Amino acid sequence: MTTSNPGVYRTKIGDIAITALNDGMFEAGTGVLVGITPDDAERLEVAHFRALPPRITISAFLVEIGAKKILIDAGSANAFGPAHGFMRKGLASLGIAPGEISTVLLTHAHIDHASGLIDDAGAAYFPNAELILNAAEAEFWLNADIAAAAPDAAKDSFALAVRCLTPYRERTRQVKHGEVVMPGVMVQHLPGHTPGHTGWILASGDDSLLVWGDVVHLPGIQFTNPDAGMVFDTDADLARVSRRKTFDMAATDRLRVAGMHLDFPCFGHVAKAAQGYAFVPDVWLA
Ligand SMILES: [Zn+2]
């Protein structure tokens, strides 16, 4: 499947500009879910007028703070074939060359977020970018002992993380929860999906936004049932706790959120609902 739209959407957080860059979409069977029966998952998808099998979209974000051009995640590049990797085209359509990216903030080192860090030869796709990620993420994926003890099904994920992170080794900054990594950008550790899975809070003036990475993969299911997790979660129970806490915080504080697997253009609010929560997408403001 190919995309018919450019998949680029720009909005503001105070003086900060943020642009969602759609990277593609894939179909995922209900077998990717844990903590919910396939029947219940399908029922929720149908109730929310969504396709079966469920579809997971991928996006990354460009953040412009002053003259700095920052990416949050790098998309899937060619890891999923020709129907993905569109965020690079989105970036090019904005007239931005990879060499202009000063920083990549990584939510976590999974294939659909980190593959775009490298080119086909395995070199850094962003030759001038500092890579910033949670110390817990680097310590997990780059630890040879943990990789050796991982089940066979997870071994590829470790190899991929090593391949994508290594070219940035000399210009990687490892950060911790609550740290302000640059003016307007703070670390929000949301562990569970991976050990160092991290949201990035952008703040400017009275405005703020939480870019929450993979708190949600399937909006038609997980807002109503936050206990539904993914087989890709390193610790599904902890991911569930993080999801519930994040939903509650976003709803209580009326905090604007963005997510890599929310429906494009990926911005909105979380509201408490009769059953679980509901996602309220931003309305179009020309
Ligand atoms: Zn993901």
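These lines cover the structure that appears in this document, whether it is placed above or below. The shown structure was predicted, so the numbers you read here are calculated from the model rather than taken from an experiment.

Section: the sheet that holds strand β2 (residues 16-27)
The seven strands are arranged β1-β2-β4-β5-β6-β7-β8 in an open sheet whose pairing can be described as mixed. On the outer flanks of this sheet lie β1 (8-13) and β8 (172-175), each paired with one strand and no other. Going across the sheet, the axis of each strand differs from the next one's by a mean of 25°, ignoring polarity. Pairing geometry for β2 and strand β4 (residues 55-65), over 10 bridges, is antiparallel. The residue of β4 that forms the bridge with Gly24 is Ile58. Helix α2 (residues 86-93) contacts β1, β2 and β4 of the sheet and is inclined by roughly 150° relative to β2.

Concerning the nonpolar core
Residues Phe61 and Val104 are the most contacted members of the largest nonpolar core, which totals 76 residues. If one sorts the elements of this core by residue count, β4 sits on top with seven residues. The contacts of Val104, once residues within four sequence positions are left out, are Leu71, Ala74, Leu117, Phe126, Ala129 and Leu131.

Details of unusual backbone geometry
At the junction of Leu52 and Pro53, the peptide bond is cis and its omega measures out at -5° in the coordinates. Looking at where Pro53 falls in the secondary structure, it is placed in the loop between α1 (38-47) and β4. Residue Phe264 is joined to Pro265 through a cis peptide bond whose omega torsion reads 10°. Mapped onto the fold, Pro265 is located in the loop between β14 (256-258) and β15 (267-272). Even without glycine at this site, Asp73 takes up a positive phi of about 70°. Structurally, Asp73 is set in the loop between β5 (68-72) and α2. Asp73 sits in the buried class, given 29 other C-beta atoms within 10 Å.

Observations concerning the sheet that holds strand β10 (residues 185-189)
By way of backbone hydrogen bonds, the strands of a sheet pair with one another, either parallel or antiparallel. Strand order in the open sheet made by the seven strands is β9-β10-β11-β12-β14-β15-β16, with mixed pairing throughout. Of all the strands in the sheet, the pair left with one neighbour each is β9 (180-182) and β16 (277-281). Across the sheet, the mean angle from the axis of one strand to that of its neighbour is 35°, orientation sign disregarded. As paired strands, β10 and strand β11 (residues 198-204) are joined by five bridges and run antiparallel to one another. Across the sheet, residue His189 finds its bridge partner in β11, namely Thr198. Of the strands in this sheet, β12 (207-211), β14, β15 and β16 are in contact with helix α8 (residues 236-253), which crosses β15 at around 95°.

With respect to the environment of Leu71
By the secondary structure assignment, Leu71 is in strand β5. Given 27 C-beta atoms within a 10 Å radius, Leu71 is considered buried. In this structure, the C-alpha to C-alpha distance between Leu71 and Ala273, residues 202 residues apart in sequence, is 33 Å. With sequence-adjacent residues up to four places away left out, Leu71 is seen in contact with Ala60, Phe61, Leu62, Ile101 and Val104.

Points about the environment of Asp282
Relative to the elements of secondary structure, Asp282 occurs in the segment after β16. The spatial distance from the C-alpha of Asp282 to the C-alpha of His269 is 7.4 Å, given a sequence separation of 13 residues. When near neighbours in sequence (up to four residues on either side) are disregarded, Asp282 contacts Phe267 and Gly268.

Quick word on the pairing of β4
The element β4 is largely enclosed, with a buried count of nine among its 11 residues. Pairing between β4 and β5: five bridges, direction antiparallel. Counted as the bridge partner of Leu62 is Leu71 from β5. What sits between β4 and β5 in their antiparallel hairpin is a turn of two residues, with Gly66 showing a positive phi close to 60°.

Rules and cut-offs
- Residues numbered from 1 in each chain as written.
- Predicted model: local features only at pLDDT ≥ 70, side-chain atom pairs only at ≥ 80, totals over all residues.
- Pairing = 2+ DSSP bridges.
- Helix = DSSP H or I, 4+ residues; strand = E, 2+ residues; numbered from the N terminus.
- Axes fitted to C-alpha atoms, helices over the stretch in contact; angles between N-to-C directions.
- Contact = placed C-beta atoms within 7 Å.
- Core = buried A, V, L, I, M, F, W, Y, C linked by C-beta atoms within 7 Å.
- Buried ≥ 20, exposed ≤ 12 C-beta atoms within 10 Å, placed from the backbone.

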